[in-house]
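Per-entry structural report
Next come the chains, spelled out residue by residue.
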Amino acid sequence: MGVIGWWLLPITLFHLVPLSFSALSWRQLISPSSSPGTITLIWIRWIRDSINSLLPVAGIGGDIASVRLAHLQGVPGAQAAASMVVDTTIGVATQLIFVISGVGLLLMRSTERSALLLAWIVLIGTGVFIVLIAAFVLFQHRGLFVGFANLARRLVAEKWLSTFAASASAIDDAVAAAYRSGWSILRAIILRLIAWAAGVGEIWWVMQSLGHPLGMLDAFTLESLSSGVRVATFMVPGALGALEGGFILFGALFGLPAQTALAISLSKRVRELALGVPGLFVWHWIEGHYLLRRSESKAR
């Protein structure tokens, strides 16, 4: 990490490139008449990623918070929730495509037993997630939120569910409409794939600064495999420990010493903290400002 030094600053800022493409992907799923500006969606995406990276929210707390933030920026509640559900689905589906591409490049690079074993493990895990995504999409077309509302009525007092139950059907209709939007869905998928591919530049840049330059295809493979670790360990906050172990394991396939592979992971941790901590403070300020204005209006 001492060798990387001040290169951590531009490496950290480079992450804004894939983040921006992810925000543009989400924008395709919101009606142009109610969509906030691009800059607004980028900072909401920034807060969303900050929450998911640094808080123990199973990788979905930031998604829920971003629905609220989008609604505060003028997006109708049902449309904000529907766009986030579809965006999350597209994000996981394209991430699996990214992971499979990396496995393919790994097999083209090496047919050693360790590489084949790793490829099989990743492909089996990917196959399980493909089935889960397909089931999730099916439920989205079968009244997912209405089903949640009916289930919640058995567990939670009706007065706490009144708002959600009233909008559940509208959210389901908005989700179905988003999937029927045709070109908008296709543009969202393409932009999200670009976002995953752009993230490869972070590893490439880290390796350049460490004096162990990797080719772009090798960096693509390493980034995609580490992305697969994040998918498999989504319940672990920030994939702590798992990501570090994954980089050491995958780095060995490319002849990287353990300390070099670990430096890649640590540089990502530095980036998560450098961007994530300010993101959490901004989120806190926005929510506090909103509650303050609301209390003042009630006092009047």
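Figured I'd write up the structure that's included with this text. Fair warning: this is a prediction, and the values are worked out from it, not measured in the lab. (Residues numbered from 1 in each chain as written. Predicted model: local features only at pLDDT ≥ 70, side-chain atom pairs only at ≥ 80, totals over all residues. Heavy atoms only, no water.)

A few points about the packing of aromatic side chains
Filter applied, for reference: Centre distance within 6.5 Å is the pairing criterion for rings of Phe, Tyr and Trp, where only the six-membered ring of Trp is used; planes under 30 degrees apart are then read as stacked, over 60 as edge-to-face, and the remainder as tilted. Only runs of H or I of at least four residues qualify as helices and only runs of E of at least two qualify as strands under DSSP, and these elements are numbered from the N terminus. Burial here depends on accessible area, computed with a 1.4 Å probe over protein chains only, as a share of the maximum for the residue type. Under 20% is buried, over 50% is exposed, and the range in between is partly exposed.
Taken as a whole and assessed by the stated rule, the structure comprises 4 aromatic pairs. Ring centres 6.0 Å apart and planes at 80° place the aromatic pair Phe 14 and Trp 205 in the edge-to-face group. One end of the pair, Phe 14, is in helix 1 (residues 8-14); the other, Trp 205, is in helix 10 (residues 200-210), and 191 residues separate them in sequence. By relative accessible area, Phe 14 is classed as partly exposed at 22%. Both rings, one in Phe 98 and one in Trp 196, keep their centres 6.1 Å apart while their planes meet at 15°; by these two values the pair is stacked. Taken together, the positions of Phe 98 in helix 5 (residues 77-109) and Trp 196 in helix 9 (residues 183-198) put the pair 98 residues apart, joining distant regions of the chain.

Quick notes on the packing of helix 9 against helix 10
The criterion, for reference: Only C-alpha atoms enter the line fits that serve as axes; for helices the fit covers just the stretch in contact. Angles between N-to-C directions range over 0 to 180 degrees. Roughly parallel here means an angle under 35 degrees, roughly antiparallel means over 145, roughly perpendicular means 65 to 115, and every remaining angle is called oblique. The criterion used for residue contact is that any of the two residues' heavy atoms lie within 4.5 Å. Each residue gets one label: Ala, Val, Leu, Ile, Met, Phe, Trp, Tyr, Cys and Pro are nonpolar, Asp, Glu, Lys and Arg are charged, and the others, such as Gly, are polar.
One way to put it is that helix 9 packs onto helix 10 with a least axis distance of 4 Å and a crossing angle of 10°. In terms of axis orientation, helix 9 runs roughly parallel to helix 10. Between helix 9 and helix 10, the residues in contact are Trp 196, Ala 197 and Ala 198 and Val 200, Gly 201 and Glu 202, respectively. Of the residues that constitute the contact of helix 9 with helix 10, the class distribution is 4 nonpolar, 1 polar and 1 charged.

Some details on the packing of helix 5 against helix 9
For clarity, the threshold we go by: Take the far helix as the reference: if the near one is turned anticlockwise from it by less than a right angle, the crossing is left-handed, and if turned clockwise, right-handed.
With their axes 9 Å apart at the nearest point, helix 5 and helix 9 run at an angle of 50° to one another. Considering the angle they form, helix 5 stands oblique to helix 9. Crossing hand, helix 5 versus helix 9: right-handed. Two secondary-structure elements touch here, helix 5 through Val 86, Asp 87, Ile 90, Gly 91, Thr 94, Gln 95, Ile 97 and Phe 98 and helix 9 through Ile 185, Ala 188, Ile 189, Arg 192, Leu 193, Trp 196 and Ala 197.

Structural notes on the environment of Leu 144
Note on placement: Leu 144 falls in helix 7 (residues 144-153). When the C-alpha positions of Leu 144 and Ala 263 are compared, they lie 42 Å apart, and in sequence the two are 119 residues distant. Not counting residues up to four positions away in its chain, the partners in contact with Leu 144 are Phe 136, Phe 139 and Asp 172.

Let's talk about the environment of Ala 258
Position of Ala 258 relative to the elements: it lies in helix 13 (residues 258-299). Each C-alpha atom of the pair Ala 258 and Glu 112 lies 19 Å from the other, and the pair is 146 residues apart in sequence.

Things to note about a nonpolar patch on the surface
Here is the rule we go by: Each patch is assembled from residues with relative accessible area greater than 30% and no salt bridge, linking like charges that lie within 9 Å and nonpolar side chains (Val, Leu, Ile, Met, Phe, Trp, Tyr) that lie within 5 Å. Where accessible areas are quoted, they stem from the Shrake-Rupley method and a 1.4 Å probe; at the residue level, only the protein chains shown are allowed to cover. For salt bridges, the criterion is a side-chain nitrogen of Lys or Arg within 4 Å of an Asp or Glu carboxyl oxygen.
A contiguous nonpolar surface patch, about 580 Å² in accessible area, is contributed by Leu 107, Leu 116, Trp 120, Ile 124, Val 128 and Leu 132. Sort the elements by how many residues they give to the nonpolar patch and helix 6 (residues 113-140) lands first, with 5 residues. Within the secondary structure, Trp 120 sits in helix 6. Relative accessible area serves as the criterion here: at 57%, Trp 120 is assigned to the exposed category.

Topic: the side chain of Ser 227
Tracing the backbone shows Ser 227 in helix 11 (residues 216-232). Residue Ser 227 is classed as buried on the basis of its relative accessible area of 5%. With residues up to four places along the chain from it excluded, the contact list for Ser 227 reads Gln 95, Phe 98, Val 99 and Trp 196.

All quantities given are derived from atomic positions and should not be read as evidence of function.
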